[in-house]
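Here are the chains, one letter per residue:
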Amino acid sequence: RARRRAPWPNGISRGPTSNYRGDPPRVRSSAATLPGSIPAPPASMLAAARSRGPAVALRAGAIQRAAALLPTPGASRALPVALRRLSTQPDDAELVSTKHFRLTDQPHPLKAKPTERLSREGYEGKEREYSNHIGRQQNYIWTPAELEEKLRTAQDVHTPTTVMDHVMHSIMYYGLYHPFNFITGYTQKDPSPRSIEWRLIILESFAGVPGFVAAGFRHFRSLRLLKKDYGWIHTLLEEAENERMHLLTCLKMFEAGPVTRVLCVGAQLAMTPFLMAVYMVEPRAVHRFVGYLEQTACHTYKNIIDHVETPGTRLHAAWSKLPAPEIAKGYWHLPEDAMWVDALKCMYADEANHRDVNHTFASMQSDDPNPYVAKHREAAARAWKIIEAEKALREVGRKVA
């Protein structure tokens, strides 16, 4: 007869013919292996724990059920110890209470931890940290090679083919672009820094509107028709947030005077109803319009970057030695010695991406799946890896110092 091996703890047998290595343990069909085989704690101990309040009673029941799932000698010893600790510790019912805070001596939940509230000054002091969008509308982090590749696409344009394309193209170029150049005093050749300041603030204050309008319409459409959105909303919201961050970055570099503020308000009041009306009738027309808008933005940013990097121009004299603001370093994860022109290149790359995305959306049906969903996931994973690498570098720097 085969020699019987020593049993595993609490009745789990290796089996009479097991060689132990690689064989799964076999449970004997005896009362010793059932969850009920764990010695029950004294009733007085359970009652003492439950008398401490609803929070302790809830945890006592959870401990007892968890121990019942672990048929080991350790569980039989741990259960009475855990219950005894619950029965003797101070009542912590105030941590998890079923009573309304008005019926207790506890403060309002929103005022429970005033020391954790961040003041406006504290937020401004940590601007680089809070401008990092990891986990919330994550933007794409551009590498130097990708920025150079995007800069070579500045002349990529969409040629109108349909009646809708021609209408949106005419509205953009003849109704907005050329009048906008006249109002801001912008010229292609050696533009003045002041004309660019006006232009960027007004442009970015308006560029964040279409994405939010489109995302809102698609959100309500999904709720109204009880249908999926197929991933468009996130891309549109990310675009709107990206343009808003462009605006905040520009406001860290330039002062917005009264005239600039009036123009921003006027542009938003005039264009938002127009975009909403068009999106209700033909969503693809709005995306085509935004694609043409981003084309003009790409031309503007590329022209600015070229003049900043060209000695002898007014923009080179005024902007070539300006450091990038902290908000730009945090948002695009720029290095400590990043310059203002580096932030401008990132803004250009974002605009080029919006150009391509909106021209793509304008060529799709509303129920077609968003082809950029995978790209958002890659951007989030990439940003997380970059942040982890930055933490590791800082840690190494502290150890070396």
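Preceding this paragraph is the structure being described.
Summarised in this report is the structure supplied together with it.

### Here's the deal with the overall build of the protein chain
Step number 1: Along the backbone of the protein chain there are 15 helices and two strands.
Step number 2: Within the protein chain, the proportion of its 401 residues that are buried is 41%.
Step number 3: Taking as baseline every contact in the protein chain between residues at least 6 positions apart, the subset at least 24 positions apart corresponds to 71%.
Step number 4: Here the protein chain displays about 23000 Å² of accessible surface, and carbon together with sulfur accounts for 61% of that area.

### Quick notes on the nonpolar core
Step number 1: Grouped together as the largest cluster of nonpolar side chains are 69 residues, with contacts concentrated most on Trp319 and Leu344.
Step number 2: With twelve residues, the single largest contributor to this core is helix α11 (residues 283-308).
Step number 3: Setting aside its immediate chain neighbours within four residues, tryptophan 319 contacts Pro193, Ile196, Glu197, Phe254, Ile304, Val308, Trp340 and Leu344.

### Notes on empty space enclosed by the protein
A water-sized probe rolled over the atoms picks out the places where empty space is left.
Step number 1: Summed over all chains, the structure comprises three cavities of 30 Å³ or more.
Step number 2: In this structure, the largest cavity encloses a volume near 170 Å³.
Step number 3: As for the largest cavity, its lining consists of 16 residues, and the residues nearest its centre are Tyr140, Glu238, Asn353, Lys375 and His376.
Step number 4: If you list the elements that add at least two residues to the lining of the largest cavity, you get α9 (232-253), α14 (340-361) and α15 (373-400).

### Some thoughts on the packing of helix α6 (residues 144-151) against α14
Step number 1: Between α6 and α14, the shortest axis-to-axis distance is 9 Å and the interhelical angle comes to 60°. Compared by their axis directions, α6 and α14 come out oblique. Here the hand of the crossing between α6 and α14 comes out left-handed. Residue-level inspection shows Leu147, Glu148, Lys150 and Leu151 of α6 in contact with α14, the latter providing Lys345, Cys346, Tyr348, Ala349, Ala352, Asn353 and Asp356.
Step number 2: Taken together, the residues that form the contact of α6 with α14 break down as six nonpolar, one polar and four charged.

### A word on the environment of alanine 207
Step number 1: In this fold, alanine 207 is placed in helix α8 (residues 193-225).
Step number 2: Between the alpha carbons of alanine 207 and leucine 293 there is a distance of 8.1 Å; along the sequence they are 86 residues apart.

### A few points about the environment of glycine 330
Step number 1: Note on placement: glycine 330 falls in helix α13 (residues 326-332).
Step number 2: Of the residues examined, glycine 330 reaches a relative accessible area of 4% and is grouped as buried.
Step number 3: Spatially, the C-alpha atom of glycine 330 lies 9.8 Å from that of lysine 126, the residues being 204 residues apart in sequence.
Step number 4: Residues contacting glycine 330, with those up to four places away along its chain left out, are Arg128, Ser131 and Asn132.

### Description of the pattern of salt bridges
Step number 1: For the coordinates displayed, the defined rule picks out 15 salt bridges.
Step number 2: Among the ionic pairs, aspartate 165 bridges to arginine 288, the shortest N-O distance being 3.0 Å. Of the two residues, aspartate 165 is situated in helix α7 (residues 163-184) and arginine 288 in helix α11; the sequence distance between them amounts to 123 residues.
Step number 3: Looking at arginine 288, the relative accessible area reads 5%, which means it is buried.
Step number 4: Here lysine 329 ties to glutamate 326 by a salt bridge, and the two come within 3.4 Å at their closest N and O atoms. Pair noted here: lysine 329 and glutamate 326 are both in helix α13, with a separation of three residues, about one helical turn.

### With respect to the side chain of glutamate 197
Step number 1: Note that glutamate 197 resides in helix α8.
Step number 2: Residue classification places glutamate 197 among the buried residues on the basis of a relative accessible area of 17%.
Step number 3: Among residues more than four places away in sequence, those in contact with glutamate 197 are Phe254 and Trp319.

### Observations concerning unusual backbone geometry
Step number 1: In the Ramachandran plot, leucine 226 falls in the positive-phi region, its phi being about 55° despite a non-glycine side chain.
Step number 2: With respect to the secondary-structure elements, leucine 226 resides in the loop between α8 and α9.
Step number 3: Looking at leucine 226, the relative accessible area reads 76%, which means it is exposed.
Step number 4: Notably, histidine 333 is not glycine yet its phi reads approximately 55°, a positive angle.
Step number 5: Mapped onto the secondary structure, histidine 333 falls in the loop between α13 and α14.

### Notes on the packing of aromatic side chains
Step number 1: The full count for this structure, using the stated rule, is ten aromatic pairs.
Step number 2: Here tyrosine 331 and tryptophan 332 contribute two aromatic rings whose centre-to-centre distance is 4.9 Å and whose plane-to-plane angle is 75°, an arrangement assigned as edge-to-face.
Step number 3: Aromatic rings pair up to connect Trp232, Phe361 and Tyr372 into one cluster.
Step number 4: Across the ring face of tyrosine 186, the terminal group of arginine 199 is positioned such that the distance to the ring centre comes to 4.1 Å.

### Things to note about the side chain of histidine 359
Step number 1: Within the secondary structure, histidine 359 sits in helix α14.
Step number 2: Owing to a relative accessible area of 12%, histidine 359 belongs among the buried residues under this scheme.

### Looking at the packing of α9 against α14
Step number 1: Two elements in contact, α9 and α14, have axes whose closest approach is 11 Å; the angle formed by their N-to-C orientations is 155°. With respect to their mutual orientation, α9 and α14 come out roughly antiparallel. Seen along the crossing, α9 lies across α14 with a hand that is left-handed. Mapping the contact onto sequence places Trp232, Thr235, Leu236, Glu239, Asn242, Glu243, His246, Thr249, Cys250 and Met253 in α9 and Trp340, Met347, Asp350, Glu351, His354, Val357, Asn358 and Phe361 in α14.
Step number 2: In the contact of α9 with α14, the residues fall into eight nonpolar, six polar and four charged.

### A closer look at α6
Step number 1: Listing the buried residues of α6 in full gives Glu146, Leu147, Lys150 and Leu151. Looking straight down α6, one finds that the buried residues subtend no more than 140° of arc, so they occupy a single side. Within α6, the exposed residues directed more than 90 degrees away from the buried face are Pro144 and Ala145.
Step number 2: On its buried side, α6 packs onto α11, α14 and α15.

Thresholds, definitions, all that
Residues numbered from 1 in each chain as written. Predicted model: local features only at pLDDT ≥ 70, side-chain atom pairs only at ≥ 80, totals over all residues. Heavy atoms only, no water. Helix = DSSP H or I, 4+ residues; strand = E, 2+ residues; numbered from the N terminus. Buried < 20%, exposed > 50% of the residue type's maximum accessible area, 1.4 Å probe, protein only. Contact = heavy atoms within 4.5 Å. Areas by Shrake-Rupley, 256 points an atom, 1.4 Å probe, with all protein chains shown as cover. Core = buried A, V, L, I, M, F, W, Y, C linked by side-chain atoms within 4.5 Å. 1 Å grid on protein atoms, 1.4 Å probe; cavity = no way out; pocket = protein on both sides within 12 Å on 5 of 7 lines; lining within 4 Å. Points joined across faces, edges and corners; volume = space filled by probe spheres on them. Axes fitted to C-alpha atoms, helices over the stretch in contact; angles between N-to-C directions. Parallel < 35°, antiparallel > 145°, perpendicular 65-115°, else oblique. Left-handed = near helix turned anticlockwise from the far one by under 90°. Nonpolar A, V, L, I, M, F, W, Y, C, P; charged D, E, K, R; others polar. Salt bridge = Lys/Arg side-chain N within 4 Å of Asp/Glu carboxyl O. Phe/Tyr/Trp six-rings, centres within 6.5 Å; stacked < 30°, edge-to-face > 60°. Lys NZ or Arg CZ within 6 Å of the ring centre and 35° of its normal. Arc of directions from axis to C-beta.

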